[in-house]
Amino acid sequence: MVTVSLCMIVKNEEDVLARCLESAADLVEEIIIVDTGSTDRTREIAERFTDRVCHFDWTDDFAAARNYAFSLAEKDYCMWLDADDVMTEGDRAIFRELKETLDPAVCVVMAKYNTGFDENGNVTFSYFRERLIKNHSGMRWEGAVHEAISPVGQVIYSDFAVTHRKLHPSDPDRNLRIYKKQLEQGIKLDPRQQFYYGRELYYHKRYEDAVRVFERFLDEGRGWLENRIDACCHCACCYERMDRPEKALDSLLRSFAYDRPRAEVCCELGRWFFQRENMPLAAYWYSLALTCPRNDARGGFVSPDCYGYLPCIQLCVCYSRMGDLERAAQMNELAASFKPDAAPVLHNRTFFQSLAAGK
C-alpha cells in the first residue's frame, strides 16, 4: 500500500481546520501544516494533529508556499487540502481503497473537487484537480494565484472527491491585488494566469477590462481548451452586463470553434433566446444540451444541472408558453427524475394537475 503525506498551507483557519483534519487525518501517514502567519488559534489546532507544523513567510505566492510544504514530505505521495475542505464518509472509503490498489507507477491522481451546492446539498459545480502527486517526481506548483501542477507521467482519474465547505468568505480582493502587483513588477502572465486574471476582473464587475483580457487570451491561442471555452462564456456574461447582447451571442457561438458543444454553453444559449421570448430557439438549445455527453475527465468546470435538470425544467416552461402543455408536463416529470423535490417541479406538477382536473 502506498503512503501519503497531507501537505497544507494555512492562515487564520481556526474555525475550519479541525473539521478538515478530523476528516482526513486517519487516511494519511504524515501531516505537514505550513502556517503563513496566523494570528488566531490555527497553529494550536494544527499541533493537536501533527508535530510537523512549520512557518513560511508569506510572499503573495501560493505556489511558493505549496512547494515548500511538498518539500517537507517524506511519503510516497503528496496530497493537498485547503483548510475549508472535508472528506465525506463515502469519499473516505473510496480513498482507502485507492491507497490499497494504487500502482506506484502512477504519477498523478486526479480527483473531483466539489465546490458548488444547492439548498439540499447536491453538487452543482465541480471539476477535477491534481490531488495526489508522486513525491520527488520533479512536478512543482506554478502560479502565484490559482496555482496548479502540470501533470507528467501516468495520470489516473479516481472516484473519490474532496468537498469544499466554506464557513466565511475569504478576502475578495486578495487575488486581484496579487495580479496587480505582478503586472506592476513587469511579470508577464502565462495563458492560465491570464485566464484567471480575467475571471478576477469579472468577479469585481470590471467587465470591460475582463473582456479585453479574455479576448487577448483567446486571440493568442495558447490557452488550454477548457479555459478557452470558459473564457467565451465569461465574455458573454460581460457583454450582457455591458448591454451588448449581440456580442454575448457571438461569444457563446465562438466556443464551438474549439470543440463540440458543452451543455453549459447550450443552456446559456437557451437562456439568451428565452430572455428574448424566442421560445422555439430556446427550446432548441435546451434540447441540444440534453444530448451533450458529460465528461468530467476533460478537467473543465462542470455544472451537473446543465446535463439534466436545468434544460428539462426550462423546456417545460418553453413548451408551456408555446401551447404544448403535454410536452411541457413530460419535461417537468423528466426534470423530477433529476431533482424530485425541487420547488419548480412541485409547483409545475400542481399546475398541470389542476389543469387536468378542470377538464
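Rules used throughout
- Numbers given for residues are sequential positions, taken from 1 along each chain in its written order.
- Only residues with pLDDT of at least 70 are given local features in this predicted model, and only at 80 or more are side-chain atom pairs given and counted; all residues enter the totals for whole chains, interfaces and linings.
- Only hydrogens and water are removed before side-chain values are computed, so all heavy atoms of the structure are retained for them.
- By definition, any uninterrupted DSSP run of H or I lasting at least four residues is a helix, any uninterrupted run of E lasting at least two residues is a strand, and each is numbered from the N terminus.
- Here the globule rule is a power law, 2.2 Å times the number of residues to the power 0.38, and the radius of gyration is based on C-alpha atoms.
- We call a residue buried when its accessible area falls under 20% of the maximum for its residue type, exposed when it is over 50%, and partly exposed in between, using a 1.4 Å probe and counting protein chains only.
- Per-residue accessibility takes into account occlusion by the displayed protein chains alone, with areas from the Shrake-Rupley method and a 1.4 Å probe.
- Neither His nor the chain ends is counted toward charge; the positive residues are Lys and Arg and the negative residues Asp and Glu.
- Taken as the charge location is NZ of Lys, CZ of Arg, CG of Asp or CD of Glu.
- Here, a salt bridge means any Lys or Arg side-chain nitrogen found within 4 Å of an Asp or Glu carboxyl oxygen.
- Remark: nonpolar core denotes a set of buried residues (Ala, Val, Leu, Ile, Met, Phe, Trp, Tyr, Cys) joined through side-chain atoms within 4.5 Å.
- Throughout, a residue-residue contact means that at least one pair of heavy atoms, one from each residue, lies within 4.5 Å.
- Should DSSP find at least two bridges between two strands, the strands are regarded as paired.
- Here, axes are lines fitted to C-alpha atoms. For helices the fit covers the stretch in contact, and angles between N-to-C directions go from 0 to 180 degrees.
- Here roughly perpendicular refers to angles of 65 to 115 degrees, roughly parallel to angles under 35, roughly antiparallel to angles over 145, and oblique to all remaining angles.
- Take the far helix as your reference; a near helix turned counterclockwise from it by less than a right angle gives a left-handed crossing, and one turned clockwise gives a right-handed crossing.
- Any residue that is not Ala, Val, Leu, Ile, Met, Phe, Trp, Tyr, Cys, Pro, Asp, Glu, Lys or Arg is counted as polar, Gly included; the first ten are nonpolar and the last four charged.

## Focus on the overall build of the chain
Okay, so step 1: Broken down by element type, the chain carries 14 helices and 10 strands.
Okay, so step 2: Against the compact-globule benchmark of 21 Å for 359 residues, the chain has a radius of gyration of 23 Å, which places it among compact chains.
Okay, so step 3: Principal axes of the C-alpha set define a box for the chain whose edges measure 75 × 45 × 40 Å.
Okay, so step 4: Looking at the chain as a whole, 50% of its 359 residues qualify as buried.
Okay, so step 5: As displayed, the chain offers around 17,100 Å² of accessible surface, 50% of which is attributable to carbon and sulfur atoms.
Okay, so step 6: In the chain, 46 side chains carry a positive charge and 57 a negative one; their mean positions are 3 Å apart.

## Section: the pattern of salt bridges
Okay, so step 1: A full pass over the atoms with the stated rule returns 30 salt bridges.
Okay, so step 2: When the shortest N-O distance is used, the salt bridge between Arg 271 and Glu 268 registers 2.8 Å. Here the residue Arg 271 and the residue Glu 268 both occupy positions in helix H10 (residues 263-275), the gap between them amounting to 3 residues, near one helical turn.
Okay, so step 3: For Glu 268, a relative accessible area of 22% gives the class partly exposed.
Okay, so step 4: Each of Asp 26, Glu 89, Arg 92 and Arg 96 takes part in a single network of salt bridges with overlapping partners.

## Here's the deal with the nonpolar core
Okay, so step 1: Leu 6, Met 8 and Met 79 are the most contacted members of the largest nonpolar core, which has 119 residues in total.
Okay, so step 2: Here this core gets 9 residues from one element, more than from any other, and that element is helix H8 (residues 225-241).
Okay, so step 3: When near neighbours in sequence (up to four residues on either side) are disregarded, Leu 6 contacts Leu 21, Ala 24, Val 28, Glu 30, Ile 31, Ile 32, Met 79, Trp 80 and Leu 81.

## Describing the pairing of strand E1 (residues 4-10)
Okay, so step 1: With 7 of 7 residues buried, E1 is to be regarded as a mostly interior element.
Okay, so step 2: Along E1, one buried face is formed by Val 4, Leu 6, Met 8 and Val 10 and the opposite face, lined by Ser 5, Cys 7 and Ile 9, is buried too.
Okay, so step 3: Two elements, E1 and strand E4 (residues 77-80), share 4 bridges in a ladder whose sense is parallel. Bridge assignment links Leu 6 to a residue of E4, and that residue is Met 79.
Okay, so step 4: Examined bridge by bridge, E1 and strand E2 (residues 30-35) share 6 bridges and lie parallel to one another. Each bridged residue has a counterpart across the sheet, and for Val 10 the counterpart in E2 is Asp 35.

## Observations concerning the packing of helix H12 (residues 309-321) against helix H13 (residues 325-338)
Okay, so step 1: Between H12 and H13, the least distance of the axes is 8 Å, while the angle of their chain directions is 165 degrees. With respect to each other, H12 and H13 are oriented roughly antiparallel. As for the relative orientation of H12 and H13, their crossing is left-handed in sense. Across the interface between the two elements, Tyr 309, Cys 312, Ile 313, Leu 315, Cys 316, Tyr 319 and Ser 320 from H12 touch Leu 325, Arg 327, Ala 328, Met 331, Asn 332, Leu 334, Ala 335 and Phe 338 from H13.
Okay, so step 2: Class assignment of the residues belonging to the contact of H12 with H13 gives a composition of 12 nonpolar, 2 polar and 1 charged.

## Examining unusual backbone geometry
Okay, so step 1: The phi dihedral of His 146 is positive, around 50 degrees, even though this residue is not glycine.
Okay, so step 2: Its location among the elements puts His 146 in the loop between strand E8 (141-142) and strand E9 (148-149).
Okay, so step 3: Assessed through its relative accessible area of 26%, His 146 is described here as partly exposed.
Okay, so step 4: Residues other than glycine seldom take positive phi values, yet Lys 205 does so here, at roughly 65 degrees.
Okay, so step 5: With respect to the secondary-structure elements, Lys 205 resides in the loop between helix H6 (191-203) and helix H7 (207-220).

The quantities given are spatial measurements derived from coordinates; they are silent on function.
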